[in-house]
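# Structure assessment
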Amino acid sequence: MSWEVRVDRTRCMGSGMCAAIAPDALTLDGAHARPVAEETAPDENVLDAADVCPAQAITVRADGEVVGPRPD
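Below: a short report on this structure. (Residues numbered from 1 in each chain as written. Predicted model: local features only at pLDDT ≥ 70, side-chain atom pairs only at ≥ 80, totals over all residues. Heavy atoms only, no water.)

Within the protein one finds two helices and six strands. From first element to last, N terminus to C terminus, the protein shows the α and β order β-α-β-β-β-α-β-β. Computed over its C-alpha atoms, the radius of gyration of the protein comes to 11 Å, within 12% of the 11 Å expected for a compact globule of 72 residues. For the C-alpha atoms alone, the extent of the protein along its principal axes is close to 30 × 25 × 20 Å. Residues counted as buried form 32% of the 72 residues belonging to the protein. In the protein, the share of contacts with a sequence separation of at least 24, taken over all contacts with a separation of at least 6, comes to 52%. Of the roughly 4300 Å² of accessible surface on the protein, a fraction of 48% belongs to carbon and sulfur atoms. Looking at charge distribution, the protein has the averaged site of its 6 positive side-chain charges lying 7 Å from that of its 13 negative ones. (Helix = DSSP H or I, 4+ residues; strand = E, 2+ residues; numbered from the N terminus. Rg over C-alpha atoms; globule rule 2.2 N^0.38 Å. Buried < 20%, exposed > 50% of the residue type's maximum accessible area, 1.4 Å probe, protein only. Contact = heavy atoms within 4.5 Å. Areas by Shrake-Rupley, 256 points an atom, 1.4 Å probe, with all protein chains shown as cover. Lys, Arg positive; Asp, Glu negative; His and termini not counted. Charge placed at Lys NZ, Arg CZ, Asp CG, Glu CD.)

Tallied over the entire structure, the rule returns one cavity of 30 Å³ or more. Considering only enclosed or pocket space, the largest cavity measures out at about 90 Å³ in volume. Around the largest cavity sit 14 residues that line it, and Cys12, Ser15, Cys18, Cys53 and Pro54 are the ones nearest its centre. Elements supplying a minimum of two residues to the lining of the largest cavity: α1 (17–21) and α2 (44–52). In terms of residue class, the lining of the largest cavity is built from 11 nonpolar, three polar and no charged. (1 Å grid on protein atoms, 1.4 Å probe; cavity = no way out; pocket = protein on both sides within 12 Å on 5 of 7 lines; lining within 4 Å. Points joined across faces, edges and corners; volume = space filled by probe spheres on them. Nonpolar A, V, L, I, M, F, W, Y, C, P; charged D, E, K, R; others polar.)

For the rest of this paragraph, the subject is the side chain of Thr40. Assignment of secondary structure puts Thr40 in strand β4 (residues 39–40). The class of Thr40 is buried, set by a relative accessible area of 18%. With residues up to four places along the chain from it excluded, the contact list for Thr40 reads Ser2, Trp3, Val5, Ala25 and Val46.

Let us look at the pairing of strand β5 (residues 58–62). Here β5 shows one buried face, formed by Ile58, Val60 and Ala62, and one open face, formed by Thr59 and Arg61. Bridge count between strand β1 (residues 3–7) and β5: five bridges; the pairing is antiparallel. Paired with Val5 across the two strands is Val60, which belongs to β5. As defined by bridge partners, β5 adjoins strand β6 (residues 65–68) across three bridges and the pair is classed as antiparallel. Across the sheet, residue Val60 finds its bridge partner in β6, namely Gly68. Counting the residues that bridge the hairpin from β5 to β6 gives two residues, and of these Asp63 lies at a positive phi of roughly 50 degrees. (Pairing = 2+ DSSP bridges.)

Laid out in structure tokens, this is it:
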């Protein structure tokens, strides 16, 4: 099983929090974040990165279902 990680670059404000929390899955590319790869292994840090994104720009999907950000 793998997760799909997407960053909405129109919402991303480039805070870098996601890349600091999940550097294996997310990186800063100029002023915005982007996934390192189209898919990543399930990892709690990826969900944490989606949860803390101040712009709520990160979406994590498993088998087509949204798993992150997690509801409050």
